[in-house]
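Structure at a glance
Single-letter residue listing:
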Amino acid sequence: MKTVITEIELIKMIDKFKDNPTDLDLINQIAIGYIENPSMQTDNDELKFFELAYSLKKTIKTTHNLAWYLYFEWGEQERAIEIQKEQINKNPKSFYPYYLLGFMLMENDEYSNAIEYLLKANKKSDRRDILHNLGYCYFKLGDFQTAKEYFFKATTDHDFENRSAYNLAISDFKIGNIKSTREIADKLSSSIELNVHQIISGYEIGFLYFLLEDFKMASECLIKQGIEGVDLINWKELSYSL
């Protein structure tokens, strides 16, 4: 279990840093401590410490931490990607650096480049989120058959939010496998909860039925999820079905 750094612990770390200004592990912990205790920040302290560790020694850890922070917390996506590429050049043994770079490139619509690193990550780990993201990249490139294969692998008992199952249904529809799309839609529709918004909600499931031209079921999914919870102007397919 991850232990949160308390304010008192952070103060002790900062005091210790005065006598250990090049301790990379300590500097990294201080940066994380500032993230977990925003009330103690005065001037982007967490970024300063991540930058300091990176400038002292470009290890896999210091490079990854700075790239992660710049991308997800600081909004400097381009620099984050370049720094993450530096980490890849060190040939890390873990899947995670390749996965993170692939994710960054995927979010920037560089799907072909993202696939290169996600495939490397997949060789090191068979995690379902890697498989899912590979499916998504192939889907965006129009390779629906390959996308289907990866989404199918990612549709496991750990697909708690049904994201992979939903995307599998869309991929099946794209390649003309209407029977499979219907089977997935029927399975997902049984789990719709009134006014409870899961990642894949009744609105998305209703869209699957719209694709199948089953407007009655599309409307039932919409109503079951809660018609007051959706802007029908933005869901033309559900409006049409209704």
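Structure's up top.
All of the points below concern the structure found in this document. (Residues numbered from 1 in each chain as written. Predicted model: local features only at pLDDT ≥ 70, side-chain atom pairs only at ≥ 80, totals over all residues. Heavy atoms only, no water.)

Another aspect to go through is the overall build of the chain. When its secondary structure is counted, the chain shows 14 helices and 0 strands. Traced from its N-terminal end to its C-terminal end, the chain shows the element sequence α-α-α-α-α-α-α-α-α-α-α-α-α-α. In terms of C-alpha radius of gyration, the chain reaches 23 Å, well past the compact-globule figure of 18 Å for 242 residues. Here the chain holds 242 residues, and 44% of them are scored as buried. Within the chain, contacts between residues at least 6 apart in sequence are counted, and of these 49% link residues at least 24 apart. Accessible area for the chain stands at about 13,300 Å²; split by element, carbon and sulfur atoms hold 52% of it. (Helix = DSSP H or I, 4+ residues; strand = E, 2+ residues; numbered from the N terminus. Rg over C-alpha atoms; globule rule 2.2 N^0.38 Å. Buried < 20%, exposed > 50% of the residue type's maximum accessible area, 1.4 Å probe, protein only. Contact = heavy atoms within 4.5 Å. Areas by Shrake-Rupley, 256 points an atom, 1.4 Å probe, with all protein chains shown as cover.)

A separate point is the packing of aromatic side chains. In this description, a pair of aromatic rings is defined by centroid distance and the angle of the planes. Applying the stated criterion across every chain, the model contains 19 aromatic pairs. Judged by centre distance (5.3 Å) and plane angle (70 degrees), the ring pair of Phe-17 and Phe-49 falls under edge-to-face. On the criterion of sequence distance, the pair formed by Phe-17 in helix α1 (residues 7–17) and Phe-49 in helix α3 (residues 45–56) is long-range, its members being 32 residues apart. Like Phe-49, Phe-17 is buried. An aromatic cluster is defined as three or more aromatic residues linked by ring pairs; in this entry it consists of Phe-50, Trp-68, Tyr-69, Tyr-71, Phe-72, Trp-74 and Phe-103. (Phe/Tyr/Trp six-rings, centres within 6.5 Å; stacked < 30°, edge-to-face > 60°.)

By the definition in use, this model includes 13 salt bridges. A salt bridge links Arg-163 to Glu-161; the shortest N-O distance between them is 3.6 Å. Among the salt bridges present, the one from Asp-214 reaches Arg-182, with a minimum N-O distance of 3.1 Å. With Asp-214 in the loop between α12 (202–211) and α13 (215–225) and Arg-182 in helix α11 (residues 178–189), this residue pair connects regions lying 32 residues apart in the sequence. When salt bridges that share partners are traced, they join Arg-182, Asp-186 and Asp-214 into one network. (Salt bridge = Lys/Arg side-chain N within 4 Å of Asp/Glu carboxyl O.)

A word on the packing of helix α4 (residues 60–74) against helix α6 (residues 96–107). At their nearest, the axes of α4 and α6 sit 12 Å apart, and the two run at 25 degrees to each other. When the axis of α4 is compared with that of α6, the two are roughly parallel. The handedness of the crossing between α4 and α6 is left-handed. Where α4 abuts α6, its residues His-64, Ala-67, Trp-68, Tyr-71 and Phe-72 lie against Tyr-96, Leu-100, Phe-103, Met-104 and Glu-107. Each residue belonging to the contact of α4 with α6 can be placed in one class, and the counts come to 8 nonpolar, 1 polar and 1 charged. (Axes fitted to C-alpha atoms, helices over the stretch in contact; angles between N-to-C directions. Parallel < 35°, antiparallel > 145°, perpendicular 65-115°, else oblique. Left-handed = near helix turned anticlockwise from the far one by under 90°. Nonpolar A, V, L, I, M, F, W, Y, C, P; charged D, E, K, R; others polar.)

This brings us to helix α7 (residues 111–124). Over its 14 residues, α7 runs 20 Å from end to end, which matches the ideal 20 Å to within 8%, given 1.5 Å per residue. Looking only at α7, the buried set comprises Tyr-111, Ala-114, Ile-115, Tyr-117, Leu-118, Ala-121 and Asn-122. Considering only its buried residues, α7 is in contact with α5 (77–88), α6, α8 (128–140) and α9 (144–154). (Expected span 1.5 Å × (residues − 1).)

The next point concerns unusual backbone geometry. The residue Asn-91 is not glycine, and still its phi comes out positive at about 50 degrees. Looking at where Asn-91 falls in the secondary structure, it is placed in the loop between α5 and α6. Despite not being glycine, Asp-109 shows a phi value in the positive range, around 65 degrees.

The next thing to look at is the side chain of Ser-180. For Ser-180, the position within the fold is in helix α11. Overall, Ser-180 belongs to the buried group, its relative accessible area being 15%. Polar side-chain contacts of Ser-180 include one of 2.6 Å to the side chain of Asp-172. (Polar contact = N/O pair within 3.5 Å; in protein donor to acceptor, adjacent residues only side chain to side chain.)

Bringing a nonpolar patch on the surface into the picture now. A cluster of nonpolar side chains, Ile-223, Ile-227 and Leu-242, forms an exposed patch at the surface whose accessible area comes to about 270 Å². With respect to the helices and strands, Ile-223 occurs in helix α13. (Patch = residues over 30% accessible without salt bridge, like charges linked within 9 Å, V, L, I, M, F, W, Y side chains within 5 Å.)

Checked against the element boundaries, Thr-156 lands in the loop between α9 and α10 (163–174). A C-alpha to C-alpha distance of 7.8 Å links Thr-156 and Arg-128, two positions 28 residues apart in sequence.

Further remarks concern the packing of α9 against α10. Each packed pair of helices is defined by two parameters, the angle between the axes and the distance between the axes. Relative to each other, α9 and α10 sit at 155 degrees, their axes nearing to 9 Å. On the basis of the axis angle, α9 is roughly antiparallel to α10. The two elements α9 and α10 meet at a crossing, and its hand is left-handed. Here Phe-144, Ala-147, Lys-148, Phe-151, Phe-152 and Ala-154 of α9 lie close against α10, whose contacting residues are Ser-164, Asn-167, Leu-168, Ser-171, Asp-172 and Lys-174. For the contact of α9 with α10, the residue count by class is 6 nonpolar, 3 polar and 3 charged.

In short, geometric facts, not functional conclusions.
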